[in-house]
Amino acid sequence: MKWIRPADVDYDEARKLFNAMIDRRPAVIAQCSTPKDVKEALRYAGQHSLPVAVRSGGHSVAGMSTNDGGLVIDVRPMKSISIDAENRTATVGGGVTWGELDRAAHAHGLAVTGGRVSTTGVSGFTLGGGSGWLERAYGLACDNLSQVDLVTAGTEEVRASATENPDLFWALHGGGGNFGVATSLTFDMHPIGESSLAGLMLWPAAAGRDVATAYRDFAPASSELLGSALVSLVAPPEEFVPEGLQNQAAIALAVIFAGSPDEGREEIRPLRDLNPTVDLVSPMPYPDFQCMIDDPPGLNNYWTADYHDDFPDPAVDVFLKYGASLPDASSQLLLAPWGGAVARVDSSSTPMTKRSAHWVSHPFAMWEDPDKTEASIEWARGFRREIADHATGGVYLNFIGQEGPDRIRAAFGDENYSRLTKIKRDFDPENVFQGNQNIPPMNG
């Protein structure tokens, strides 16, 4: 256990998050290496009446992994990774990031749905659901959990699985960090080749309508082994981008095929027939693709998201309108298909509702200049307002910041939300773990 306080030389580095908008100053940071450390930290918080936040990767866009004046339980030192190649399982400590797990598993020819940004913490991502490139083939990250070890608010070490604390295990499939501090997670893994066909195709914004509508019509019926997304962005000033397109509005497709590269080439042929200006799709190791859109450090971030059952031409119009008016060259607007294994899990099997949605839209504003803050946030909110007529009302909570209790309830639906509040009452009746998309305990 390492205790870090404001007077310590490493305090500022220890409290820093990926989202530069979040600048909070906890009273103490407890860097925990074992469940015993976590229990000690929780007892300290209780003795000193300190609010508690839990940090695994620090990638919560709303800054939920820190606080002002409280205690942060930082489990990043829990870096153990154990791969059982024969049984295709992986067990990881609560502080492992997706980049670390992806590379360890890939060495054994295995993978599981992970974060699209490799620096994301495995535990926070998974407990919040876990949407990633392999989801249509293998489900969300939480769908692949076989057990979770955690420390409860009462400093009890418990295991959750299909046979031990099954209600708690259900809640951990999207209910977030409301129920305890995850110290270990075990996943069922899936085969992945040494190389997967993956990369980016890029067109100038003028081709946006043709690309967007063609992709919209193509993606829902595509192979479940194909992970993909439509992205509005500013083309980077890189050598692989023609000079006339650099720093200009562009439309892109990110793709990865989890089968053989030859099968992947046939699968994406309709997309290549759209004649991309830049085609960077080629065989590469899955962990390398996982790093391709890693966030640059030190940027301000504001995200939001919506589910869609379909995405008609008027919705495409809104997508293209906001894609053409990104508030900063770092900002992006993403549209990803769901379906496949995601939709085969019904709304009662996990807390997350409306999993039958066909699409998820995700504007993420990123900027460096503080003077752009108001305009950047309004850009993301404006997209949500204009796309609302085509949204289902459901939401994936890992994709949004603090948008209020109604959005949290919308992610689960009334029945699942009520069940979650009962489980919260059983495992955290005082709501110690409220630094999250909070589910208050049921009264009584």
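If you're wondering where the values come from, they're calculated on a predicted model, not measured in any experiment. (Residues numbered from 1 in each chain as written. Predicted model: local features only at pLDDT ≥ 70, side-chain atom pairs only at ≥ 80, totals over all residues. Heavy atoms only, no water.)

Undergrad: Honestly, the nonpolar core in this entry has me stumped. Any pointers?
TA: Inside soluble globular proteins, nonpolar side chains tend to come together where they are buried. Ranked by size, the top nonpolar core spans 50 residues in total, and within it L101 and L168 carry the most contacts. For this core, the secondary structure elements donating two or more residues are β6 (89-93), α3 (98-106), α4 (122-127), β8 (145-151), β9 (157-161), α6 (166-171), β10 (181-188) and α13 (405-427). Per-element accounting of this core gives the leading share, seven residues, to α13. Each residue touching L168, except ones within four places of it in the same chain, is listed here: L150, V158, A160, F179, I423 and F427. Counting residues in hydrophobic clusters, the runner-up holds 38 residues, among them Y302, F319, L326 and I387. (Core = buried A, V, L, I, M, F, W, Y, C linked by side-chain atoms within 4.5 Å. Buried < 20%, exposed > 50% of the residue type's maximum accessible area, 1.4 Å probe, protein only. Helix = DSSP H or I, 4+ residues; strand = E, 2+ residues; numbered from the N terminus. Contact = heavy atoms within 4.5 Å.)

Undergrad: What is the right way to read the layout of surface pockets from this model?
TA: Empty space left among the atoms is revealed by rolling a probe the size of a water molecule over them. As a volume, the second largest pocket reaches approximately 490 Å³. If you go around the second largest pocket, you meet 25 residues; those closest to its centre are K16, L17, F18, N19 and R55. (1 Å grid on protein atoms, 1.4 Å probe; cavity = no way out; pocket = protein on both sides within 12 Å on 5 of 7 lines; lining within 4 Å. Points joined across faces, edges and corners; volume = space filled by probe spheres on them.)

Undergrad: What's the story with the pairing of strand β13 (residues 226-234) in this structure? I'm lost.
TA: In regular strands, side chains alternate between the two faces of the sheet. Among the nine residues that make up β13, nine are buried, leaving the element largely enclosed by the rest of the structure. Residues L226, S228, L230, S232 and V234 line one face of β13 and the alternating positions G227, A229, V231 and L233 line the opposite face, and both faces are buried. Pairing of β13 with strand β14 (residues 249-257), which is carried by nine bridges, proceeds in the antiparallel orientation. By the bridge assignment, A229 is partnered in β14 with A254. Relative to strand β19 (residues 332-337), β13 runs antiparallel, the two sharing three bridges. (Pairing = 2+ DSSP bridges.)

Undergrad: Hey, could you run me through empty space enclosed by the protein in this one?
TA: For the coordinates displayed, the defined rule picks out three cavities of 30 Å³ or more. Computed from the structure, the largest cavity encloses a volume of approximately 40 Å³. Elements with a minimum of two residues in the lining of the largest cavity: α5 (135-138), β13 and β19. Looking at the lining of the largest cavity, the element that brings in the most residues is β13, giving three residues.

Undergrad: Teacher, can you tell me more about the sheet that holds strand β1 (residues 2-4) here?
TA: Sheet strands associate in pairs through backbone hydrogen bonding, adopting either a parallel or an antiparallel arrangement. With mixed pairing, the four strands of this open sheet are ordered in space as β1-β2-β4-β3. The outermost strands of the open sheet, each flanked by one partner alone, are β1 and β3 (52-55). Each neighbouring strand pair of the sheet contributes to a mean axis angle of 20 degrees, computed without reference to strand direction. Looking at chain direction, β3 and strand β4 (residues 71-74) are connected through four bridges and run parallel. From the neighbouring strand, V52 faces β4, where its bridge partner is L71. Each of β1, β2 (28-31), β3 and β4 is contacted by helix α2 (residues 35-47), which is oriented at about 175 degrees to β4, the strand it contacts most. (Axes fitted to C-alpha atoms, helices over the stretch in contact; angles between N-to-C directions.)

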